[in-house]
Amino acid sequence: MSTPMSASIEVGAATARPQAPTGFWRRALRHRSFVIGGTLSLMVLGAALLSLVWTPWSAYEIDVASKLRPPSAAHWLGTDVLGRDIVSLLLVGARSTIMVGIIAVGIGITFGVSLGLLAAARKGWTEEIIMRMSDFTFAFPAVLSAIMLAAVAGPGMVTSITAIGIFQIPTLVRLTRGSANAIWAREFVLAARASGKGGFRITIEHVLPNVLPILIVQATIQFALAILAEAALSYLGLGTQPPQPSWGRMLNDAQTLLFQSPMLAVYPGAAIAIAVLGLNLLGDGLRDLLDPRLARER
Amino acid sequence: MSGSINTPLIEVRDLGIRLNTSRGPAQAVRGVSFSLKRGETLGLVGESGCGKSVTALALMGLLPDSAVVSGSIRLDGSELVGLSDANYGKLRGNRISMIFQEPMTALNPMHTIGRQVAEPLRRHTNCSAAEARKEAIALLDRVGLPDAAKRVDAYPHQFSGGQRQRVTIAMALACQPDVLIADEPTTALDVTIQGQILDLIAGLVAERGMSMILISHDLGVIAENVQRMMVMYGGTVVESGATNAVFTRMGHPYTQGLFRARPRLGARKGTRLQTIAGTVPELADLPSGCTFADRCAIVEDRCRMALPAVVDVSAGHGVRCVRTDVSMAEAVGAVGA
């Protein structure tokens, strides 16, 4: 049932209509920001997947003779300062961007949300310790820690992802704990306790579903921040290592040539913007769709 | 474990609750004692902040961790004060249940009502999801939710306030508890719905032989729905007895004040409601003597010296007042006024 549906979001609402999908997907396909956000996100995902099997040129092949070419039939968006094909770089760069985003936000969500929920559920010393530790991480400059981590583990994608992930944690701990505390004060939690439920089950069944909409929106923002952080770390030579391309690196390489060939900065910038915008809209849509109060049938 | 017929189902002895408030420790409840037999109904009446709800939460073991509870609460002879949260969890929703004041917020907006009614069953009995669902539909049907089988998968926002309160009642009754605590169950509802909900609760209590503690600030609700009542003020029980006895022979000046303050049908236009002068004392700095002393018309010096003892004015009717001779004489006037 859901297999044809998931395939059809790519194409959008228009083609999906005649199949009359039901429930979640029917509402999802009518939700404008979910459809637009989903399409943009799938474009980025599609680019990353495509780069695994095909790119117009090799993203690693340097051809200094044809450097800084304007767009042409051979190079659709031109070439960079080393003569590499921009389209190929963007396609391959999408891979590292998605990887950094998903893994770093994954680390942040996994630890941040569980610690935040734990702090809200247990209160007392547990909460104090978690919050002070998160303050400590928060107060430490992220770049400094990334340098430290790079000194120990060596620079590279794994190091930068780990560092970015760790710095997602405190934000998410704070957000989760704050929202979870507000839910714990609600009467339905008292009612759940009155029906005999323990802290763990209340957290999973009552608190988490109610903080999820906030977390989804925040996760899309964190994803955007992770992409930008990866760009910054790449610039310092701590992130993705050459010749591995990433959108952040492309942006930084373009910086020195801003007056000569400004378009070199525009392409990766636009790619980042599309990814971030797509995720934000997707998150917005998802938040609406997951809220039963907004799930009006007609 | 279940006690003999003579053992009261619930026995509260000298219950004291100290809460930590922003203004320092507050003795929210002092020396509250009562017992409740199987099938008996008890009303708790008093103004906001008099300790009614705190007493109810203490019975449920749901006070904040910082609260200090002294005295004893026994359910079927076994002590509940100091019980671990895990063990308390086995009683809550199973043997003691509670209905809350605000049906709009007492249900989780993210879950269907069927799931929420089935939850206590899943928690306390070994029934499967399908059985729990069937039972939930039967319960929703019993509490008078129209078209229960069809609406079991609807979300709380799709119901009216009265319907939601029916759902919370179904939730509370799911495991056939021995004791039902109803904390102002109709305060948030329309007057037209109030009667229906109270009738429903009273019917279910009688049908299942449950004991009920009904908390309300509405004397009318108390008069019609419980056999015995306690009037609370400033964390103490100022008067307790059979509902009839308390209403006909109000022994405490506070009870009389409450009675005079209620609006009446047929009062002449322009008649002002009587009020009790003064305000409820802050729990953080309660007077050492009678808590009502500052607002009492017949106060004497000895009222302020120490908390008055309970005087039995008739069998099972106790009044915490040193001046029952005067107040009882005036009681006639209060009813007439």
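Treat the numbers as computed from the prediction; the structure is a model and nothing was measured.

J.: Looking at this structure, how should I read the confidence of the model for chain B?
T.: Segments scoring low in pLDDT should not have their predicted coordinates read at a detailed level. Looking at chain B, pLDDT values average 87 and 96% of them are 70 or higher. For this predicted complex, the interface score ipTM comes out at 0.81, alongside a pTM of 0.79.

J.: Mind showing me how you'd approach the sheet that holds strand S1 (residues 10–21) of chain B here?
T.: Strand-to-strand pairing in sheets goes through backbone hydrogen bonds, with the strands running parallel or antiparallel. An order of S2-S1-S4-S5 (chain B) is seen for the four strands of this open sheet, with the pairing classed as antiparallel. The strands lining the two open edges of the sheet, one partner per strand, are strand S2 (24–36) and strand S5 (78–79) of chain B.

J.: Whenever I open this one, the UniProt feature "domain: ABC transmembrane type-1" (unreviewed entry) in chain A confuses me. Can you help?
T.: Using the residue numbers shown here, the UniProt feature "domain: ABC transmembrane type-1" (unreviewed entry) corresponds to residues 94–283 of chain A. Its end C-alpha atoms 20 Å apart, residues 94–283 of chain A is made of 84% helix and 0% strand.

J.: I keep staring at the UniProt feature "domain: ABC transporter" (unreviewed entry) in chain B and nothing clicks. Help me out?
T.: Here, UniProt's "domain: ABC transporter" (unreviewed entry) annotation points to residues 10–259 of chain B. Helix makes up 39% of residues 10–259 of chain B and strand makes up 27%, while its end C-alpha atoms are separated by 29 Å.

J.: I tried to follow the environment of Asp76 of chain B on my own but got confused; where do I start?
T.: Residue and element names in this part refer to chain B. Considering the arrangement of structural elements, one finds Asp76 in the loop between strand S4 (68–75) and S5. Asp76 sits in the partly exposed class, given 17 other C-beta atoms within 10 Å. Sequence separation between Asp76 and Ala182 is 106 residues, and the spatial gap between their C-alpha atoms is 20 Å.

J.: What is the right way to look at the UniProt feature "transmembrane region" (unreviewed entry) in chain A in this model?
T.: Residue and element names in this part refer to chain A. In the numbering adopted here, UniProt assigns the feature "transmembrane region" (unreviewed entry) to residues 34–54, 98–121, 142–167, 211–236 and 257–282. This span, residues 34–54, is 95% helix and 0% strand, and a straight line between its end C-alpha atoms measures 29 Å. Span residues 98–121 is 100% helix and 0% strand, its end C-alpha atoms 33 Å apart.

J.: How should the interface of chain B and chain A be read in this particular structure?
T.: Accessible area lost on assembly of the parts is the figure often given for the size of an interface. Contacts between the two partners involve 26 residues from chain B and, on the opposite side, 16 residues from chain A. Among the elements that take part in the side of chain B that touches chain A, helix H3 (residues 113–124) of chain B stands out by supplying four residues, more than any other. Here the side of chain B that touches chain A is composed, by residue class, of twelve nonpolar, nine polar and five charged.

J.: What is the right way to read helix H4 (residues 32–53) of chain A from this model?
T.: Along its 22 residues, H4 of chain A runs 32 Å from first to last C-alpha, staying within 8% of the 32 Å computed at 1.5 Å per residue. Those residues of H4 of chain A lying buried are Phe34, Val35, Gly37, Gly38, Leu40, Ser41, Val44, Ala47 and Ser51 of chain A.

J.: Would you mind showing me how to read the sheet that holds strand S6 (residues 96–99) of chain B here?
T.: Residues and elements named next belong to chain B. With mixed pairing, eight strands are arranged side by side in an open sheet as S6-S7-S8-S3-S9-S10-S12-S11. In this open sheet, the two edge strands, each paired with only one partner strand, are S6 and strand S11 (311–314). Here the strands of the sheet are splayed against their neighbours by 20° on average, with no regard to which way each runs. The sheet contacts of helix H1 (residues 52–60) involve strand S3 (41–45), S6, strand S7 (179–183), strand S8 (211–216) and strand S9 (228–233), and relative to S7 the element is tilted by about 150°.

J.: Explain the pairing of S1 of chain B here, please?
T.: A regular strand places its side chains so that they alternate between the two faces of the sheet. Residues and elements named next belong to chain B. Across seven bridges, S1 lies against S4 in antiparallel orientation. Each residue of the ladder has a partner; that of Val12, found in S4, is Ile73. Note: S1 against S2, nine bridges, orientation antiparallel. Across the sheet, residue Glu11 finds its bridge partner in S2, namely Ser35. Count of turn residues in the S1/S2 antiparallel hairpin: two residues.

Analysis parameters
- Residues numbered from 1 in each chain as written.
- Chains lettered and ligands numbered in written order.
- Predicted model: local features only at pLDDT ≥ 70, side-chain atom pairs only at ≥ 80, totals over all residues.
- pLDDT = per-residue confidence, 0-100.
- Pairing = 2+ DSSP bridges.
- Helix = DSSP H or I, 4+ residues; strand = E, 2+ residues; numbered from the N terminus.
- UniProt positions renumbered as here; feature names shortened; annotations may be inferred.
- Buried ≥ 20, exposed ≤ 12 C-beta atoms within 10 Å, placed from the backbone.
- Contact = placed C-beta atoms within 7 Å.
- Nonpolar A, V, L, I, M, F, W, Y, C, P; charged D, E, K, R; others polar.
- Expected span 1.5 Å × (residues − 1).
- Axes fitted to C-alpha atoms, helices over the stretch in contact; angles between N-to-C directions.

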